[in-house]
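Descriptive analysis of the structure
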Number of protein chains: 2
Amino acid sequence: MLTRIDHIGIACRDLEATVDFYSRTYGFQVFHTEVNQEQGVREAMLRINGTDDGGASYLQLLEPIREDSAVAKWLAKNGEGVHHIAFGTADVDADSEAIRDKGVRVLYDEPRRGSMDSRITFLHPKDCHGVLTELVTAADPDTASH
Amino acid sequence: MLTRIDHIGIACRDLEATVDFYSRTYGFQVFHTEVNQEQGVREAMLRINGTDDGGASYLQLLEPIREDSAVAKWLAKNGEGVHHIAFGTADVDADSEAIRDKGVRVLYDEPRRGSMDSRITFLHPKDCHGVLTELVTAADPDTASH
């Protein structure tokens, strides 16, 4: 069951400049940074609020590190902006199977590694009214809520 | 101070079909519907989770009711997808003034009426790394959290 807005994924060309914008303009702080080689991105997670399922909602700022990454291609086509939205669940495996059974294309056969050692999958935007949609299970409840 | 992701605004061509997708696929329920004549949209709010500031996070599904509305023009250019993101604050007036003073264009001179009698304003996407950004103060804490 999807129990929270886990994050909003925002594609940007310059991670430091975009972090600086969110920090200066709104006071949002960087909670976590990492490089995800498989996804081909550098990212910063800004924690916005806690959620009543014991997790949290973040902005995920994404800068591509390779021209052949999905985010680089998306940026070339669309420019900077909202790249995807993500819902949090306690069981990404069960939810992605149930959603696949409803006829929505799930992009990975098995969930892969996401931010902060979470397990993630994506749903095809053409099956979701144009919205690239991610499902996330946090590695550890403490990671999402501390 | 911005204390939550208040909602993700999603533009769609057929509100009932899109509500049906979110309900069938994820089990999300309609919390509220309304027509906003000034914004030129019909909308459905799907409540996803409560937030630790006493509010909640929603998906806001938006269908234009006029061809000259901002959402209709956006749909014609972009197709269905994420139209804007919104942060919740206890004081949209103070925050929009402070953000204007930092050089970000605020689209309204004074906040206007948003969903569920909230007061809202928008920030220019070109000043926000491509993200049309809304600030929201709920009408009543009970409205956002019940």
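About the cut-offs
- Residues numbered from 1 in each chain as written.
- Chains lettered and ligands numbered in written order.
- Predicted model: local features only at pLDDT ≥ 70, side-chain atom pairs only at ≥ 80, totals over all residues.
- Heavy atoms only, no water.
- Helix = DSSP H or I, 4+ residues; strand = E, 2+ residues; numbered from the N terminus.
- Rg over C-alpha atoms; globule rule 2.2 N^0.38 Å.
- Buried < 20%, exposed > 50% of the residue type's maximum accessible area, 1.4 Å probe, protein only.
- UniProt positions renumbered as here; feature names shortened; annotations may be inferred.
- Pairing = 2+ DSSP bridges.

This paragraph deals with the overall build of chain A. Across its full length, chain A holds 4 helices and 8 strands. The order of helices and strands in chain A, counted from the N terminus, is β-α-β-β-β-α-β-α-β-β-β-α. Taken over the C-alpha trace, chain A has a radius of gyration of 15 Å; the compact-globule value for 146 residues is 15 Å, and the two agree within 12%. Its C-alpha atoms give chain A principal-axis dimensions of about 45 × 35 × 25 Å. With 146 residues in all, chain A has 55% of them scored as buried.

With that settled, the discussion passes to the UniProt feature "domain: VOC" (unreviewed entry) in chain A. According to UniProt, the feature "domain: VOC" (unreviewed entry) maps to residues 4–138 of chain A in the numbering used here. Helix makes up 23% of residues 4–138 of chain A and strand 41%, and the two end C-alpha atoms of the span are 12 Å apart.

All names here are of chain A. Burial within strand β4 (residues 56–64) is extensive, with 9 of its 9 residues counted as buried. Judged by which residues are buried, β4 turns out to be covered on both faces: Ala56, Tyr58, Gln60, Leu62 and Pro64 on one side and Ser57, Leu59, Leu61 and Glu63 on the other are all buried. Pairing geometry for strand β3 (residues 41–50) and β4, over 9 bridges, is antiparallel. In the strand pairing of β4, Gly50 is matched with Ala56. Counting the residues between successive antiparallel strands, the hairpin from β3 to β4 contains 5 residues, one of them, Gly54, with a positive phi of roughly 90°.

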